[in-house]
Amino acid sequence: MQKHHGQIVEILVRKKGFSITELAQHSDVSRSVVYQWFNRKELNADIIHRIGRIVDHDFSNEFPEYFQKRTNDTYDARSREMMRPNQNRVNLWKDKYIILLEQYIQLLSTE
């Protein structure tokens, strides 16, 4: 029998005392997206990792196919690599903001 990723994650989130609203806010998604995650039979490792970081839970026991547990109970290098896309997204928006800010300052100086 194949495990239902969404149900496993939901049970652990609720055991940790997090509400759907809190998880949605910390994940930067809507509540309906969180409910969709919980209804999925399969979740990708990035979503599981993100939720684990929010609720402070190491999902390596529940999903050993995605995560390997290290001796000091932290995620391994593979898990840290999954966080890089989020950092790249932050840098992308930061760069866009700086470009817009520079254009705005340039417009102010020409008046």
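Scroll up for the structure.
Figured I'd write up the structure that's included with this text. Since this is a predicted model, take the numbers as computed values, not measurements.

**A word on the overall build of the protein**
Move 1: Of the regular secondary structure elements, the protein holds five helices and zero strands.
Move 2: Considering the protein as a whole, with its 111 residues, one finds that 29% of them fall into the buried category.
Move 3: By sequence separation, contacts in the protein at least 24 residues apart represent 50% of the contacts at least 6 residues apart.
Move 4: Here the protein has roughly 7,800 Å² of accessible surface; of this, 52% comes from carbon and sulfur atoms.

**Examining the environment of F18**
Move 1: With respect to the secondary-structure elements, F18 resides in the loop between α1 (5-15) and α2 (20-27).
Move 2: Along the chain, F18 and V55 lie 37 residues apart, while their C-alpha atoms are 7.3 Å from each other.
Move 3: With residues near it in sequence (within four places) discarded, F18 still touches V13, H26, I54 and V55.

**Brief notes about the packing of α1 against helix α3 (residues 31-39)**
Move 1: As a packed pair, α1 and α3 sit with axes 6 Å apart at the nearest point and diverge in direction by 120 degrees. Between α1 and α3, the angle falls in the class oblique. From α1, G6, Q7, V9, E10, V13 and R14 reach across to α3, where they touch Y35, W37 and F38.
Move 2: Of the residues in the contact of α1 with α3, the class split is five nonpolar, two polar and two charged.

**What about the packing of aromatic side chains?**
Move 1: Applying the stated criterion across every chain yields a total of three aromatic pairs.
Move 2: Taken together, a centroid distance of 5.9 Å and an interplanar angle of 50 degrees make the contact between F59 and F63 tilted. An identical accessibility class is assigned to F59 and F63; each is buried.
Move 3: Geometrically, the ring pair formed by Y66 and F67 is edge-to-face, given 6.1 Å between the ring centres and 75 degrees between the ring planes.
Move 4: With relative accessibility at 1%, the residue F67 sits in the buried group.
Move 5: Put simply, the rings of F59, F63, Y66 and F67 pair up and form one aromatic cluster.

Cut-offs applied
Residues numbered from 1 in each chain as written. Predicted model: local features only at pLDDT ≥ 70, side-chain atom pairs only at ≥ 80, totals over all residues. Heavy atoms only, no water. Helix = DSSP H or I, 4+ residues; strand = E, 2+ residues; numbered from the N terminus. Buried < 20%, exposed > 50% of the residue type's maximum accessible area, 1.4 Å probe, protein only. Contact = heavy atoms within 4.5 Å. Areas by Shrake-Rupley, 256 points an atom, 1.4 Å probe, with all protein chains shown as cover. Axes fitted to C-alpha atoms, helices over the stretch in contact; angles between N-to-C directions. Parallel < 35°, antiparallel > 145°, perpendicular 65-115°, else oblique. Nonpolar A, V, L, I, M, F, W, Y, C, P; charged D, E, K, R; others polar. Phe/Tyr/Trp six-rings, centres within 6.5 Å; stacked < 30°, edge-to-face > 60°.

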